[in-house]
Amino acid sequence: MARLVVVSNRVGVPEKGARAGGLEVSIRPALKQRGGIWFGWNGKFSEGDPPPAETVERENVSYVTVGLRQDDYEEFYNGFANRVLWPILHYRLDLAEFTRRDLGGYFRVNEFFAANLEKFLRPDDVVWVHDYHLIPLAKALRERGHKNKIGFFIHIPFPPPEIVTALPNHERLMPALGHYDLVGFQTEVDATNFSRYLANECNLRRIDGDSFEFDGRAVKVGVFPVGVETDAFSRLARRAIESPFVRDVLGSLSGRAMIIGVDRLDYSKGLPERMDAFERFLTIFPEWHDNVTYLQITPFSRSAIPEYADLGRAVGEAVGRINGNFGEASWTPLRYINKAHSRTALAGLYRAARVGLVTPLRDGMNLVAKEFIAAQDADDPGVLVLSRFAGAARECAAALLVNPYDHEGVALAINRALSMPLEERRQRHAVNYKALLHNDLGDWAERFLGALERPPVRTSAPPPMRIAGGR
Ligand code: F6P
């Protein structure tokens with residue numbers, strides 16, 4: 001079996017107390033099982049040129065990380081990746097702040113990654129690149145002469161071409177995805193949007209149902225929804241609910257039902273809208289006053305970016321308003337916490353909650369939704385209220401699906417979830433749990449790598465002549 005080389009902006013180097021994001025959580029088990037290299041940024045930046053790459057060996061995985069120069073960090077990470085690609089790919093054209101300087105930094109860091117990665121690359125390695133930070137990486141490697149199988153998986157949404165084409169210079173960036181052998185998406189909708197982009201904006205010829213011809217080669221488009229380790233997470237939750245931490249939290253509720261939300265502080269998560277919906281819920285259903293506590297855990301994220309700082313202020317104000325208007329000396333309706341919690345603590349809290357509120361305005365998948373389901377007690381499960389705009393809504397169709405822009409609708413769903421009879425809760429949970437088992441995280445990497453390593457579809461046309469300066 002070929003050696004696996006995973007590349008992502010953040011690398012999940014196993015460290016005590018480290019809090020991993022969705023991407024790291026999904027990659028780690030696959031890489032551990034197969035062994036190989038995980039290459040990426042170490043999260044540090046420096047004034048001058050960063051020191052050479054560092055390697056940490058843990059079991060059968062080599063974690064190879066590099067630092068970034070301060071200007072690269074500003075232009076690549078804070079700039080193009082997170083102030084242009086992130087909002088646009090989450091359908092938020094209104095929040096995108098494009099500059100040519102940041103785009104230049106983005107390409108420069110991808111070149112830098114390619115130059116450092118190739119020092120470790122063998123000709124028969126299979127390379128798996130993750131997420132929107134690294135769209136041009138395969139092109140940079142191909143230009144250095146690497147002919148490896150290279151796959152790309154994007155963890156976040158891919159909007160319709162009508163939105164993608166609003167990205168200045170999209171025609172310079174997006175066609176670079178054609179240099180991958182396989183481009184994978186979370187949902188059918190994302191894959192269809194990308195296929196439409198390839199066909200309509202790049203004029204690529206479709207070879208068969210899911211492959212396009214690019215520079216005389218085939219680039220395949222596939223759907224690989226990320227799952228969770230369902231049974232393992234369920235076991236973790238069963239243990240964690242007995243932990244002193246979760247017992248303390250439960251004790252502090254004095255028997256009140258708990259609603260839980262867990263999201264990074266990010267505008268894609270729909271937090272102000274969710275606060276609004278909770279406020280409406282308290283207004284419409286006074287019978288729940290003093291009978292329910294909503295715990296919202298929201299670690300800070302990308303704080304150097306102004307939109308995130310603005311969001312922090314808006315959410316803080318909403319929390320203050322709700323608690324001020326509805327709270328009592330003996331009851332705080334909304335507990336808002338910015339501290340990150342361990343996976344174990346979250347697993348226990350999910351199991352203890354009556355309702356999980358996951359209402360992003362747009363989300364590639366959302367693993368909190370899946371973990372909430374995995375954590376429930378099948379005999380007495382809590383209810384998931386889930387945005388129809390999260391990728392997870394396809395598989396978790398037995399959740400109460402809501403439109404996060406309809407604040408009143410979400411308020412009604414919260415009441416329905418809290419009041420749902422046991423039999424209906426059991427049925428919905430069983431359907432969702434089965435769907436999670438059907439697409440367990442253990443199979444996800446195998447499916448992607450299987451599709452990547454399968455021989456490509458033969459293209460019928462001869463390779464086109466290369467045009468100097470062309471893609
Ligand atoms: O898929 C998006 C993602 O990479 C998540 O996996 C992760 O939780 C988040 O973004 C982390 O963002 P950042 O690396 O900017 O902190």
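For the structure, check the block above.
Summary of the structure given here.

1. Notes on the overall build of the chain
Now for step 1: Of regular secondary structure, the chain possesses 16 helices and 16 strands.
Now for step 2: On C-alpha atoms alone, the chain measures out to a radius of gyration of 23 Å, which is about the 23 Å that the 2.2 N^0.38 rule sets for 471 residues.
Now for step 3: Each of the three principal axes of the chain carries a C-alpha extent, and together these read 75 × 45 × 40 Å.
Now for step 4: Considering the chain as a whole, with its 471 residues, one finds that 56% of them fall into the buried category.
Now for step 5: Partitioning the intrachain contacts of the chain with sequence separation of at least 6 by distance along the chain shows that 78% fall at a separation of at least 24.
Now for step 6: Of the roughly 19,600 Å² of accessible surface on the chain, a fraction of 51% belongs to carbon and sulfur atoms.
Now for step 7: Side chains of the chain give 59 positive and 59 negative charges; the mean places of these two sets differ by 3 Å.

2. So, the sheet that holds strand E5 (residues 126-130)
Now for step 1: On the basis of which strands lie adjacent, the open sheet formed by 10 strands has the order E3-E4-E2-E1-E5-E6-E7-E10-E9-E8 and mixed pairing. Looking at which strands have only one partner, the edges of the open sheet turn out to be strand E3 (54-58) and strand E8 (205-208). For this sheet, the mean angle separating the axes of adjacent strands, direction not counted, is 25°.
Now for step 2: Helix H1 (residues 22-34) contacts strand E1 (4-10), strand E2 (36-46), strand E4 (61-69) and E5 of the sheet and is inclined by roughly 160° relative to E1.

3. Considering empty space enclosed by the protein
Taking a probe equal in size to a water molecule and rolling it over the atoms shows the remaining empty space.
Now for step 1: With the rule as written, the count across this model stands at 2 cavities of 30 Å³ or more.
Now for step 2: Of the volumes computed, that of the largest cavity is approximately 100 Å³.
Now for step 3: Along the wall of the largest cavity there are 13 residues; nearest its centre are Gly382, Val383, Leu384, His429 and Asn432.
Now for step 4: At the level of secondary structure, the elements contributing two or more residues to the lining of the largest cavity comprise helix H13 (367-375), strand E15 (383-387) and helix H15 (422-438).
Now for step 5: Among the elements that make up the lining of the largest cavity, the one with the highest residue count is H15 (4 residues).
Now for step 6: In the lining of the largest cavity, the residues fall into 7 nonpolar, 4 polar and 2 charged.

4. Section: the nonpolar core
Now for step 1: Val7, Leu85, Phe113, Leu137, Met174 and Phe281 are the most contacted members of the largest nonpolar core, which has 97 residues in total.
Now for step 2: With 10 residues, helix H2 (residues 70-89) is the largest single contributor of residues to this core.
Now for step 3: Counting residues domain by domain, this core receives three or more from each of domain 1 (4-226 + 444-453) and domain 2 (230-439).
Now for step 4: Once residues within four sequence positions are removed from consideration, phenylalanine 113 is found in contact with Val7, Ser8, Asn9, Phe39, Gly40, Trp41, Val66, Leu68, Leu134 and Leu137.
Now for step 5: Judged by nonpolar contacts, the second largest core, of 61 residues, contains Val126, Val246, Val368 and Ala375.

5. Looking at unusual backbone geometry
Now for step 1: Although it is not a glycine, tyrosine 91 sits at a positive phi angle of roughly 65°.
Now for step 2: Examined against the element boundaries, tyrosine 91 turns out to sit in the loop between H2 and helix H3 (100-117).
Now for step 3: Residue classification places tyrosine 91 among the partly exposed residues on the basis of a relative accessible area of 23%.
Now for step 4: Even without a glycine there, the phi angle at asparagine 366 is positive, about 85°.
Now for step 5: On the secondary structure map, asparagine 366 appears in the loop between strand E14 (355-358) and H13.
Now for step 6: Residue asparagine 366 is classed as buried on the basis of its relative accessible area, which comes to 8%.

6. Thoughts on the packing of aromatic side chains
Now for step 1: Using the criterion set out here, one finds 28 aromatic pairs in the structure.
Now for step 2: With a centroid separation of 5.6 Å and 90° between ring planes, the pair formed by phenylalanine 39 and phenylalanine 113 is classed as edge-to-face. Here phenylalanine 113 lies in helix H3 and phenylalanine 39 lies in strand E2, a separation of 74 residues in the sequence.
Now for step 3: Of the residues examined, phenylalanine 113 reaches a relative accessible area of 0% and is grouped as buried.
Now for step 4: Plain terms: the ring middles of phenylalanine 185 and phenylalanine 194 are 5.1 Å apart, the flat faces sit at 40° to each other, and that makes the pair tilted.

7. As for the site of the ligand
Now for step 1: Neighbouring the ligand are the residues Arg10, Gly21, Gly22, Leu23, Tyr77, Trp86, Asp131, His155, Ile156, Arg264 and Arg302.
Now for step 2: For the ligand, an oxygen atom lies 3.4 Å from a polar atom in the backbone of glycine 22.
Now for step 3: The side chain of arginine 302 places a nitrogen or oxygen atom 2.8 Å from an oxygen atom of the ligand.
Now for step 4: Across the complex, the protein chains shield 83% of the 390 Å² of accessible surface that the ligand would expose by itself.
Now for step 5: Those elements giving two or more residues to the shell around the ligand turn out to be H1 and H2.
Now for step 6: The residue makeup of the shell around the ligand, split by class, is 4 nonpolar, 3 polar and 4 charged.

8. Considerations on the sheet that holds strand E16 (residues 400-402)
Now for step 1: Strand order across the open sheet formed by 6 strands is E13-E12-E11-E14-E15-E16, with parallel pairing between neighbours. Each having just a single partner strand, strand E13 (334-337) and E16 make up the two edges of the open sheet. Sheet twist, expressed as the mean angle between neighbouring strand axes with direction ignored, is 20°.
Now for step 2: Bridge count for strand E11 (residues 257-262) against strand E12 (residues 292-297) is 6 bridges, and the pairing is parallel. Within the sheet, the bridge partner assigned to glycine 261 lies in E12 and is glutamine 296.
Now for step 3: Helix H14 (residues 407-419) contacts E11, E12, E14, E15 and E16 of the sheet and is inclined by roughly 170° relative to E16.

9. Considering helix H7 (residues 188-200)
Now for step 1: Under the 1.5 Å per step criterion, the end-to-end length of H7 is 18 Å for 13 residues, consistent within 8% with the ideal 18 Å.
Now for step 2: Residues of H7 that are buried in the fold lie against helix H5 (161-164), helix H6 (170-173), strand E7 (182-185), E8, strand E9 (211-214) and strand E10 (217-223).

Rules behind the numbers
Residues numbered from 1 in each chain as written. Predicted model: local features only at pLDDT ≥ 70, side-chain atom pairs only at ≥ 80, totals over all residues. Heavy atoms only, no water. Helix = DSSP H or I, 4+ residues; strand = E, 2+ residues; numbered from the N terminus. Rg over C-alpha atoms; globule rule 2.2 N^0.38 Å. Buried < 20%, exposed > 50% of the residue type's maximum accessible area, 1.4 Å probe, protein only. Contact = heavy atoms within 4.5 Å. Areas by Shrake-Rupley, 256 points an atom, 1.4 Å probe, with all protein chains shown as cover. Lys, Arg positive; Asp, Glu negative; His and termini not counted. Charge placed at Lys NZ, Arg CZ, Asp CG, Glu CD. Pairing = 2+ DSSP bridges. Axes fitted to C-alpha atoms, helices over the stretch in contact; angles between N-to-C directions. 1 Å grid on protein atoms, 1.4 Å probe; cavity = no way out; pocket = protein on both sides within 12 Å on 5 of 7 lines; lining within 4 Å. Points joined across faces, edges and corners; volume = space filled by probe spheres on them. Nonpolar A, V, L, I, M, F, W, Y, C, P; charged D, E, K, R; others polar. Core = buried A, V, L, I, M, F, W, Y, C linked by side-chain atoms within 4.5 Å. Domains from an automatic or database assignment. Phe/Tyr/Trp six-rings, centres within 6.5 Å; stacked < 30°, edge-to-face > 60°. Near = heavy atom within 4 Å. Polar contact = N/O pair within 3.5 Å; in protein donor to acceptor, adjacent residues only side chain to side chain. Expected span 1.5 Å × (residues − 1).

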